[in-house]
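Fold and geometry: a report
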Amino acid sequence: MDINNEVVTVELDCDGWTEPYARDLTRRQLGELLVQLDDMGDATDTAALAPQPLNRPTPDAAYATAPCITSELGWTAYHAVGRPTGALLGREFWLRRAAVLDRIALGDEVESVFGDACEAATEAARRLLDVDQVEGITDPRGYVRQQYAHWATTK
């Protein structure tokens, strides 16, 4: 017997359903269904991360509910310990790191201090763009503000 034509029963049971939904499929059909669901999930993730260029909040609006800079530096340092290459650090880490560096750079710009903060903030923003797999953004720090404002309201 061809294993791809073997019939399996797939049962879905979600909260709120009165009874599970069951269906018999061949293994080949199940494989195709799983590939479609995976592609749909990827498309959803990509759409959720897609930049919205007309919706760029001001720094004050983007960081209105952000913890103090010292607290955020502590959070990012805590999560980076033992991961010098950035391995296994998720999107939240890169977003919060880029945001706190952007906030430091904004403070330097107001004070007319010309150090490395602006460069560090821009590089961190570019790292977030890489994580999000977004291209064509001309204002990486503006993208960070947009994404942080969205994240802060949905976390």
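Scroll up for the structure.
Described below are features of the structure shown in this document. Everything quoted here is computed from the prediction, not taken from an experiment. (Residues numbered from 1 in each chain as written. Predicted model: local features only at pLDDT ≥ 70, side-chain atom pairs only at ≥ 80, totals over all residues. Heavy atoms only, no water.)

Describing the pattern of salt bridges
Considering all chains together, one arrives at six salt bridges under this definition. Ionic pairing is found between R96 and E92, a salt bridge with its closest N-O pair at 3.0 Å. Taken as a pair, R96 and E92 lie in helix α4 (residues 91–110) at a separation of four residues, close to a single helical turn. You can call R96 buried: its relative accessible area is 10%. (Salt bridge = Lys/Arg side-chain N within 4 Å of Asp/Glu carboxyl O. Helix = DSSP H or I, 4+ residues; strand = E, 2+ residues; numbered from the N terminus. Buried < 20%, exposed > 50% of the residue type's maximum accessible area, 1.4 Å probe, protein only.)

Remarks on helix α5 (residues 117–132)
The first and last C-alpha atoms of α5 sit 22 Å apart over 16 residues, in line with the 22 Å expected at 1.5 Å per residue. The complete set of buried residues in α5 reads A117, A121, T122, A124, A125, L128, L129 and D132. The buried side chains of α5 occupy one side of the element, clustering within an arc of 160° when seen end-on. Away from its buried face, by an angle of more than 90 degrees, α5 presents the exposed residues E119 and D130. The positive-phi residue at the C-terminal boundary of α5 is Q133, with phi of around 55°. (Expected span 1.5 Å × (residues − 1). Arc of directions from axis to C-beta.)

Examining unusual backbone geometry
A positive phi angle, close to 55°, is found at Q133, a residue other than glycine. Mapped onto the elements of the fold, Q133 is located in the loop between α5 and α6 (140–154). Under the relative-accessibility criterion, Q133 is labelled exposed at 71%.

With respect to the nonpolar core
Soluble globular proteins: nonpolar side chains tend toward being buried together. With 28 residues, the main nonpolar core has Y63, L128, Y143, V144 and Y148 as its most contacted residues. Of all elements in the fold, only α4, α5 and α6 reach the threshold of two or more residues within this core. The element best represented in this core is α4, accounting for nine residues. (Core = buried A, V, L, I, M, F, W, Y, C linked by side-chain atoms within 4.5 Å.)

Let's talk about the packing of α4 against α5
Contact geometry of α4 with α5 gives a least axis separation of 8 Å together with a crossing angle of 155°. The angle between α4 and α5 places the two elements in the roughly antiparallel class. Relative to α5, α4 is oriented so that their crossing is left-handed. Of α5, the residues touching α4 (which contributes R91, W94, L95, R97, A98, L101, D102, I104, A105, D108 and E109) are A117, C118, A120, A121, A124, A125, R127, L128, V131 and D132. Of the residues contributing to the contact of α4 with α5, the split by class is 14 nonpolar, no polar and seven charged. (Axes fitted to C-alpha atoms, helices over the stretch in contact; angles between N-to-C directions. Parallel < 35°, antiparallel > 145°, perpendicular 65-115°, else oblique. Left-handed = near helix turned anticlockwise from the far one by under 90°. Contact = heavy atoms within 4.5 Å. Nonpolar A, V, L, I, M, F, W, Y, C, P; charged D, E, K, R; others polar.)

Topic: the environment of Q146
Here Q146 lies in helix α6. Residues Q146 and T58 lie 88 residues apart in sequence; the distance between their C-alpha atoms is 8.7 Å. A distance of 3.3 Å separates polar atoms of two side chains, one belonging to Q146 and the other to Q147. (Polar contact = N/O pair within 3.5 Å; in protein donor to acceptor, adjacent residues only side chain to side chain.)

Any link to function would need more than the numbers given here.
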